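Spelled out, the chains give:
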Amino acid sequence: MRPDLQELSAYYAAAPGDIALGDIDVARIPAHVSIIMDGNGRWAAKRGLDRARGHVAGVDALREAVTAGVRLGFDVLSAYAFSTENWRRPKLEVDLLMSLFAKTLVAELPLFHQENVRLLFLGDLKALPSETYRVFMRGLDETADHDGMTFALAVNYGSRAEIVHAAHELARLVRSGEIDPDDIDQDLFSAHLYTAGLPDPDLLIRTSGELRLSNYLLYQLAYTEFHATDTLWPDFTRWDMLRAIRAFQSRSRRFGGV
Ligand code: FPP
């Protein structure tokens, strides 16, 4: 999507010194930016707060990332909020996250309407608490006609589970005679992933200095540029987004060619 340059300049007016809007080429903004939001717990611990406060601060950072994505003209912003492995956290923290997801979704719906953002979810939502599930469905429904940026939130998402799920679906289609095994190519396979219809990410950002994929979009990240920053997720701002895009634009993407 083409950014509105006037709005974008106003949004990025008060530059901090090491980075400014002029440092990036607004004609080459990545279409799909994906984020592994990490470091909420450490952000809270550094301040002597409990982990819950870190997650609450993480919501503010996510709101800023969505707004920055809209201003910059992303087609898609995706973010990893809860993995299939995160159920292993203490029940109290899992419960808190599930209710925070639901509360945040309701609170942010006006922003999604105002900014014409379409909401999607990646992951197995059936396993979520009923209230969280209900609110997510409402979010999907209410934003389905928006044709601005797509915001895809990965919740109860695991890439291996996603790939196995796609294999099951395709196997069923073969068994019912709807497709032939030879019909299965990369396009058909992609169409059975949770990300069906979305372009692969151009840029993956991971915060808090960790250098792992953590079972996130393993199939879709084949040619994605990776940007790791030490910034903890709650401290991630519109300027960090600009820094990540500057790093992305300094790379030469060859997709296996020369
Ligand atoms: C990582 O911090 C973050 C998460 C577990 C994801 C939760 C994300 C948010 C609450 C952001 C807002 C999202 C929504 C949709 C409301 P961590 O707990 O792994 O931090 P640590 O590695 O420092 O312990």
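Preceding this paragraph is the structure being described.
Model, not experiment: these values are computed from the prediction.

Where do I start with helix H4 (residues 91-114) in this structure?
An α-helical turn contains 3.6 residues, so any two residues separated by three or four positions project in the same direction. Compared with an ideal rise of 1.5 Å per residue, which puts 24 residues at 34 Å, H4 spans 35 Å between its outermost C-alpha atoms and is within 8% of the ideal. At glutamate 108, H4 shows its strongest bend, of approximately 45°, with the proline proline 110 following within four residues. Within two residues after H4, asparagine 116 carries a phi angle of roughly 60°, on the positive side.

Help me out: how do you make sense of the environment of glycine 158 in this one?
By the element assignment, glycine 158 lies in the loop between strand E4 (150-157) and helix H6 (159-175). Distance from glycine 158 to arginine 63, taken between C-alpha atoms, is 23 Å for residues 95 residues apart in sequence. Apart from residues no more than four positions distant in its own chain, glycine 158 is found in contact with Thr84 and Asn215.

Just checking my understanding: could you explain unusual backbone geometry for this structure?
Peptide bonds are mostly trans, and most non-glycine residues show a negative phi. The backbone of asparagine 156 shows a phi angle near 50°, a positive value even though the residue is not glycine. Mapped onto the elements of the fold, asparagine 156 is located in strand E4. Since its relative accessible area comes to 6%, asparagine 156 is described here as buried. Although it is not a glycine, serine 208 sits at a positive phi angle of roughly 75°. Note on serine 208: relative accessible area 9%, which makes it buried.

So what exactly am I meant to see when it comes to the packing of H4 against helix H5 (residues 130-143) here?
For any two helices packed against each other, one specifies the inter-axial angle together with the distance between the axes. At a closest axis distance of 9 Å, the pairing of H4 and H5 adopts a crossing angle of 15°. Relative to H5, the element H4 lies roughly parallel. Relative to H5, H4 is oriented so that their crossing is left-handed. Residues Met98, Phe101, Ala102, Leu105, Val106, Leu109, Phe112 and His113 of H4 pack against Thr132, Val135, Phe136, Arg138, Gly139, Glu142 and Thr143 of H5. For the contact of H4 with H5, the class distribution of residues is 9 nonpolar, 4 polar and 2 charged.

Just to check I follow, could you spell out the site of the ligand for this structure?
Around the ligand there are 18 residues in total, and Gly41, Arg42, Arg51, Ala81 and Arg89 lie nearest to it. Glycine 39 has a polar backbone atom sitting 3.4 Å from an oxygen atom of the ligand. For the shell around the ligand, the secondary structure elements donating two or more residues are helix H2 (40-46), helix H3 (51-72) and H4. In terms of residue count, H3 provides more of the shell around the ligand than any other element does, 5 residues in total.

So what exactly am I meant to see when it comes to the pattern of salt bridges here?
When the charged atoms of two side chains lie near each other, side chains of opposite charge can form a pair. Under the definition given, this model contains 20 salt bridges. One salt bridge connects aspartate 18 with arginine 243, and the closest N-O pair in it is separated by 2.7 Å. Note that aspartate 18 is positioned in the loop between helix H1 (5-11) and strand E1 (32-36) and arginine 243 in helix H8 (residues 238-249), a separation of 225 residues in sequence. Its salt-bridge partner being arginine 243, residue aspartate 240 comes within 3.1 Å of it at the nearest N-O pair. Of the two residues, aspartate 240 and arginine 243 are both situated in helix H8; the distance of 3 residues between them amounts to about one turn of the helix. Overall, arginine 243 belongs to the partly exposed group, its relative accessible area being 23%.

I would appreciate a short explanation of the pairing of E4 in the present structure.
Side-chain positions along a regular strand alternate between the two faces of the sheet. Burial runs high along E4: 8 of the 8 residues are buried. Pairing between strand E2 (residues 76-83) and E4: 7 bridges, direction parallel. Along E4, the bridge assignment pairs phenylalanine 82 with valine 155. Pairing analysis gives 5 bridges linking strand E3 (residues 118-122) to E4, with the strands arranged parallel. Pairing of leucine 119 across the sheet is with phenylalanine 151, part of E4.

Analysis parameters
- The residue numbers shown here count from 1 along each chain, following its written sequence.
- Totals for whole chains, interfaces and linings use all residues, but because this is a predicted model, local features are given only for residues with pLDDT of at least 70 and pairs of side-chain atoms are given and counted only at 80 or more.
- Calculation of side-chain values draws on the structure's entire complement of heavy atoms; hydrogens and water are dropped beforehand.
- For helices the rule is a DSSP run of H or I covering at least 4 residues; for strands it is a run of E covering at least 2, with both sets numbered from the N terminus onward.
- Here, expected helix span is obtained from the residue count minus one, scaled by 1.5 Å.
- For a residue, the bend is simply the angle between two axes, fitted respectively to the seven-residue segment ending there and the seven-residue segment starting there.
- The contact criterion used is simple: two residues touch if any of their non-hydrogen atoms lie within 4.5 Å.
- Only protein chains enter the calculation, and the probe is 1.4 Å; a residue is then buried if its accessible area is under 20% of its type maximum, exposed if over 50%, and partly exposed in between.
- Working convention: axes come from line fits to C-alpha atoms, limited for helices to the stretch in contact. Angles between N-to-C directions cover 0 to 180 degrees.
- For classification purposes, an angle smaller than 35 degrees is called roughly parallel, one larger than 145 roughly antiparallel, one from 65 to 115 roughly perpendicular, and anything else oblique.
- Less than a right angle of anticlockwise turn of the near helix away from the far helix marks a crossing as left-handed, whereas a clockwise turn marks it as right-handed.
- Amino acid classes used here: Ala, Val, Leu, Ile, Met, Phe, Trp, Tyr, Cys and Pro are nonpolar; Asp, Glu, Lys and Arg are charged; the rest, including Gly, are polar.
- Throughout this document, a residue counts as near a molecule or strand when at least one of its heavy atoms sits within 4 Å of that molecule or strand.
- In the analysis that follows, any N or O atom pair within 3.5 Å is treated as a polar contact, provided that within protein one partner can donate a hydrogen and the other can accept it, and provided that, for residues neighboring in sequence, both atoms belong to side chains.
- The working definition used for a salt bridge is a side-chain nitrogen of Lys or Arg within 4 Å of a carboxyl oxygen of Asp or Glu.
- One bridge is not enough; two strands pair if DSSP finds at least two bridges between them.

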